[in-house]
Amino acid sequence: MIMKNDAEERERVRMLWIRTHMPFATSMATIALFCILKIAGETDTYALLFAASMFFFVGFMAKTREWFGVDGFVAVMCATAAILWGLQRIGWL
């Protein structure tokens, strides 16, 4: 049986891990996407644009998890997906 304090301690440890490791993960995702797009033959501008969007998206996910917890994170990601799907559906994306 998990005690409430154990769950709170695990959450605290997870948040500490997110705060310490997500800047590195965000940077690596950005650099990897830039390299992949350059290898695929895209222009510098296109690769930088999408690498920057990757940087902001991964940072957004990390901060959302930190600010709102697990349930809030899932709700925000679902809402974001629904909004983007709707924009794509009407032709704005």
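My aim in this report is to walk through the structure given alongside it, one point at a time. Bear in mind the structure is a predicted one, so any value in this text is a computation, not a measurement.

Turning to the layout of surface pockets, a few remarks are in order. Roughly 170 Å³ of internal volume is contained in the largest pocket. Lining the largest pocket, in full, are Ile18, Arg19, Met22, Pro23, Thr26, Phe55, Gly59, Ala62, Lys63 and Glu66. Split into classes, the residues belonging to the lining of the largest pocket amount to five nonpolar, two polar and three charged.

On the surface, Leu84, Ile90, Trp92 and Leu93 cluster together into a nonpolar patch covering about 520 Å² of accessible area. Judged by relative accessible area, which is 56%, Ile90 ranks as exposed.

Let us now look at the pattern of salt bridges. If charged atoms from side chains of opposite charge come close, those side chains can pair. Tallying each qualifying case throughout the model produces six salt bridges. With its nearest N and O atoms 2.8 Å apart, the salt bridge here joins Arg65 to Glu11. Pair noted here: Arg65 is in helix α2 (residues 44-89) and Glu11 is in helix α1 (residues 4-39), with a separation of 54 residues, a long-range link. Given the relative accessible area of 11%, Arg65 is considered buried. Note that Glu66 and Arg19 form a salt bridge whose closest N and O atoms lie 3.3 Å from each other. Here Arg19 lies in helix α1 and Glu66 lies in helix α2, a separation of 47 residues in the sequence. The exposure class assigned to Arg19 is partly exposed, which follows from its relative accessible area of 47%. A single network of salt bridges, built from pairs that share partners, joins Glu11, Arg14 and Arg65.

Reading the values: the criteria
Residues numbered from 1 in each chain as written. Predicted model: local features only at pLDDT ≥ 70, side-chain atom pairs only at ≥ 80, totals over all residues. Heavy atoms only, no water. 1 Å grid on protein atoms, 1.4 Å probe; cavity = no way out; pocket = protein on both sides within 12 Å on 5 of 7 lines; lining within 4 Å. Points joined across faces, edges and corners; volume = space filled by probe spheres on them. Nonpolar A, V, L, I, M, F, W, Y, C, P; charged D, E, K, R; others polar. Patch = residues over 30% accessible without salt bridge, like charges linked within 9 Å, V, L, I, M, F, W, Y side chains within 5 Å. Areas by Shrake-Rupley, 256 points an atom, 1.4 Å probe, with all protein chains shown as cover. Salt bridge = Lys/Arg side-chain N within 4 Å of Asp/Glu carboxyl O. Buried < 20%, exposed > 50% of the residue type's maximum accessible area, 1.4 Å probe, protein only. Helix = DSSP H or I, 4+ residues; strand = E, 2+ residues; numbered from the N terminus.

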